[in-house]
Amino acid sequence: MTDPNDRRAAASRGAAARGVAARAAARRRRITGRVALALAAALTLSLTGYGWAAYNGIVAGLQVSDVLDGQSTSSGGDTNILIMGLDSRLDENGNPLPKDIYNSLHAGDQQDGGYNANVLMLLHVPGNGGKATSISIPRDDYVPLAGCPDNVCKGKIKQAYGLAFDEKAKQLVQQNVTDKTQREQQARDAGRRAEIDTVRKFLGDVPIDHFVEVTLVAFFEIAQVVQPITVCLNEDTQDSYSGANFHAGQQEISAEQAVEFVRQRRDYVHPSLNFTDLDRERRQQAFISSLAYQLKQGGTFTNPAKLQGILDVAKQNTAVDSSLDLLALAKQASSLTGGNVSFVTLPVDHFGKSPSGEDVNFVNTAQIQSLVAQLLSGAPVPSPAAYVTPLAHGNATPAPPPALSGGGIPCVK
């Protein structure tokens, strides 16, 4: 017969053993957990480090501005991006470009151009994944200029940037700011702020979440990386002023020809085409659509090396707001192909002259703000009110947006 004390001792030893085993198992689980956690952390840090390094490589050298800090933003996940194309023949720091660039542009040199925002497009990307809308604002629309830069309270919408730049540049000289780069960037920030505020108010106090500013040379350098670019025209057309000389139908063009394509706004050889400045905007819309289509077809949006190549040249003459995520923008751009974006040119009531004698577009502000509100709400684009091209004598005729030819390439006149 077993002694009860022995049974109790054995039970105690068993419990102790089980406790030791349990503690050992727990320790092994903790060690295993710590190892797993360490591996996960290492993996995460490695991936994060790689992504951060890659992103830093992309944005290094890109001019970044804080002018949108504290501004109201879109609701519901929507994003509004204002694209400003400057007429400047200088780089982002105000320095002249290489002579071979001027020769290729066929648009003069550092003495030409200026700081007017000759291209103004508001890209609206809905948060629900719906169709995006690109709204082109005619550069000569006669509107109130935010802040009355250089004491000019009303003028062409493109002039807000240049007038504010000039006003700030003069102030900086008076303040004895001697650093040229500092003066240039502070003056450009004044121009950006004035242009953004002018566009926002003109369109009906719409929120502008981000901006992208490019110069003519940035456009040319991007076209150099991507060339040849396929475009499509409805008619033969020629213009000695821009150098344009194109035939009807689809065709592949070089970077130099791309500059001619988007700058053309007259054709004295074929006067029946009745070119106006608004036709240049439709050229720009068609070119952007064709370029995005080609980039997607070529796998550029999903190829970091190809994307890096474009951004490397683009960032030399490009500025963006400090909160814009270029990688996210590239992904969005990939989704804006294949007819997933509508192009709209805001209507002009009639052509005329301002009190100072400048040729301007007179507009119906209430009509424009109503139209923009519809577009940003996701309502169908009204037709033909959104595509009105005034003729020389003030009459207006509907002009449709670029029509798609085979392969998703838009055709324009």
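About the cut-offs
Residue positions are given per chain, counted from 1 along the sequence in the order it is written. For a predicted model such as this one, the threshold for reporting local features is a pLDDT of at least 70, and the threshold for listing and counting side-chain atom pairs is 80 or more; totals across whole chains, interfaces and linings nevertheless cover every residue. Only hydrogens and water are set aside when side-chain values are computed; all heavy atoms of the structure are taken into account. UniProt positions are given in the numbering used here, feature names are shortened, and annotations may be inferred rather than shown by experiment. Should DSSP find at least two bridges between two strands, the strands are regarded as paired. For the purposes of this entry, the term helix denotes a DSSP run of H or I that reaches at least four residues, the term strand denotes a run of E that reaches at least two, and both are numbered from the N terminus. With a 1 Å grid spanning the protein atoms alone, the term cavity applies to any set of points in which a 1.4 Å probe fits but cannot get out, the term pocket to an open set with protein on both sides within 12 Å along at least five of seven lines, and the term lining residue to any residue with an atom within 4 Å of a point. Grid points are joined across faces, edges and corners, and a volume is the space filled by probe spheres set on the points. Polarity classes work like this: nonpolar for Ala, Val, Leu, Ile, Met, Phe, Trp, Tyr, Cys and Pro, charged for Asp, Glu, Lys and Arg, and polar for all others, with Gly in that last group. Only protein chains enter the calculation, and the probe is 1.4 Å; a residue is then buried if its accessible area is under 20% of its type maximum, exposed if over 50%, and partly exposed in between. Only four residue types enter the tally: Lys and Arg on the positive side, Asp and Glu on the negative side; His and the chain ends are excluded. By convention in these notes, a salt bridge is any Lys or Arg side-chain nitrogen within 4 Å of a carboxyl oxygen on Asp or Glu. Each polar contact in these results corresponds to two N or O atoms within 3.5 Å; when the atoms are within protein, one needs to be able to donate a hydrogen and the other to accept it, and residues that are neighboring in sequence are counted only if both atoms are side-chain atoms. Residue contacts are counted whenever heavy atoms from the two residues lie within 4.5 Å of one another. Pairs of cysteine sulfur atoms within 2.5 Å are what we label disulfides. By nonpolar core we mean a set of buried residues, namely Ala, Val, Leu, Ile, Met, Phe, Trp, Tyr and Cys, connected to one another through side-chain atoms within 4.5 Å. Axis angles are defined between N-to-C directions and span 0 to 180 degrees, where every axis is a line fitted to C-alpha atoms and, for a helix, only to the segment in contact. Planes of paired rings set the category: under 30 degrees apart is stacked, over 60 is edge-to-face and the rest tilted, where pairs are Phe, Tyr or Trp rings (Trp by its six-membered ring) whose centres lie within 6.5 Å.

- As recorded in an unreviewed UniProt entry, the protein chain goes by LCP family protein and comes from Amycolatopsis halotolerans.
- Per UniProt, the protein chain has the following entry under Sequence similarities (unreviewed entry): "Belongs to the LytR/CpsA/Psr (LCP) family."

### Quick notes on the pairing of strand 14 (residues 350-353)
Move 1: In terms of strand pairing, strand 14 meets strand 15 (residues 359-362) through 4 bridges, oriented antiparallel. Pairing of His350 across the sheet is with Phe362, part of strand 15.
Move 2: The antiparallel hairpin formed by strand 14 and strand 15 contains 5 residues in its connecting segment, where Gly357 sits at a positive phi of about 95°.

### Description of empty space enclosed by the protein
Move 1: A complete count under the given rule lists 1 cavity of 30 Å³ or more for this structure.
Move 2: The space that makes up the largest cavity amounts to roughly 30 Å³.
Move 3: Lining of the largest cavity is provided by Asn118, Val119, Leu120, Met121, Ser136, Ile137, Glu281 and Gln284.
Move 4: Contributions of two or more residues to the lining of the largest cavity are made by strand 3 (117-125) and helix 7 (277-297).
Move 5: Broken down by element, the lining of the largest cavity gets its largest block of residues, 4 residues, from strand 3.
Move 6: In terms of residue class, the lining of the largest cavity is made up of 4 nonpolar, 3 polar and 1 charged.

### Points about the side chain of Arg283
Move 1: Relative to the assigned elements, Arg283 resides in helix 7.
Move 2: Among buried charged residues, Arg283 stands out as having no salt bridge; its nearest opposite-charge side chain is Asp267, 6.8 Å away.
Move 3: Of note is the side chain of Arg283, whose polar atom sits 2.9 Å from the backbone oxygen of Phe261.
Move 4: Those residues within four positions of Arg283 in sequence are excluded, and the remaining contacts are Leu233, Thr237, Phe261, Val262, Gln264, Phe275, Val412 and Lys413.

### Details of the state of the cysteines
Move 1: Inspection of the entire model under this criterion finds 1 disulfide.
Move 2: Between the sulfur atoms of Cys148 and its disulfide mate Cys153 the distance is 2.0 Å. As the torsion about the S-S bond is roughly 115°, the Cys148-Cys153 disulfide counts as right-handed.
Move 3: By relative accessible area, Cys148 is classed as partly exposed at 27%.

### Structural notes on helix 6 (residues 255-263)
Because an α-helix completes one turn every 3.6 residues, residues spaced three or four positions apart along the sequence face the same direction.
Move 1: With 7 of its 9 residues buried, helix 6 lies for the most part within the structure.
Move 2: Among the residues making up helix 6, those that are buried are Ala255, Ala258, Val259, Glu260, Phe261, Val262 and Arg263.

### Comments concerning the nonpolar core
Move 1: Ranked by size, the top nonpolar core spans 66 residues in total, and within it Phe202, Leu203, Phe261 and Leu346 carry the most contacts.
Move 2: Among the elements that line this core, the one with the most residues is helix 5 (residues 216-226), at 6 residues.
Move 3: In this structure Leu203 touches Leu122, Ile137, Leu346, Ile368, Gln369 and Val372, once residues within four positions along its chain are discounted.
Move 4: Core analysis: the next-biggest nonpolar cluster, separate from the first, contains 10 residues, Leu123, Val125, Val212 and Phe343 among them.

### Structural notes on the sheet that holds strand 7 (residues 210-215)
Two strands in a sheet stick together by hydrogen bonds in their backbones, pointing the same way (parallel) or opposite ways (antiparallel).
Move 1: If you walk across this open sheet you meet the 7 strands as 1-12-7-2-3-4-13, and the pairing is mixed. A single partner strand is all that each edge strand has here, and the edge strands are strand 1 (63-65) and strand 13 (341-345). The mean inter-strand angle of the sheet, taken between neighbouring strand axes irrespective of direction, is 20°.
Move 2: When strand 7 meets strand 12 (residues 318-321), the two strands line up antiparallel, connected through 3 bridges. Bridge assignment links Glu213 to a residue of strand 12, and that residue is Ala319.
Move 3: Contacting strand 3, strand 4 (132-136) and strand 13, helix 7 crosses the sheet at an angle of about 170° to strand 13.
Move 4: In the packing of helix 10 (residues 365-377) onto the sheet, contacts are made with strand 2 (79-86), strand 3, strand 4 and strand 13, and the angle to strand 4 comes to roughly 160°.

### Thoughts on the packing of aromatic side chains
Move 1: Counted by the stated rule, this structure contains 4 aromatic pairs.
Move 2: Ring geometry for Tyr142 against Phe362: centres 5.7 Å apart, planes inclined by 70°, an arrangement best described as edge-to-face. Here the residue Tyr142 occupies a position in strand 5 (residues 142-144), and Phe362 occupies one in strand 15, the gap between them amounting to 220 residues.
Move 3: Residue class for Tyr142 comes out buried when judged on its relative accessible area of 15%.
Move 4: Their ring planes at 45° and their centres at 6.5 Å tell us that Phe261 and Phe287 sit as a pair that is tilted. Remark: Phe287 occurs in helix 7 and Phe261 occurs in helix 6; sequence separation between them is 26 residues.
Move 5: With a relative accessible area of 1%, Phe261 lands in the buried category.
Move 6: For Phe287, a relative accessible area of 3% corresponds to the buried category.

### So, the pairing of strand 8 (residues 229-233)
Move 1: With 5 of 5 residues buried, strand 8 lies mostly within the body of the structure.
Move 2: Summarising the sheet, strand 8 and strand 19 (residues 410-412) pair through 2 bridges and their orientation is parallel. Across the sheet, Cys232 pairs through a bridge with Cys411, a residue of strand 19.

### Some thoughts on the environment of Asp189
Move 1: Its location among the elements puts Asp189 in helix 4 (residues 180-202).
Move 2: Exposure remark for Asp189: the relative accessible area of 22% places this residue in the partly exposed category.
Move 3: Counting along the chain gives 123 residues from Asp189 to Asp66, while the straight-line C-alpha distance between them is 8.2 Å.
Move 4: Apart from residues lying up to four places away in sequence, Asp189 is in contact with Ser65 and Val67.
Move 5: Looking at Asp189, its side chain comes within polar contact range of the side chain of Ser65, at 2.7 Å.

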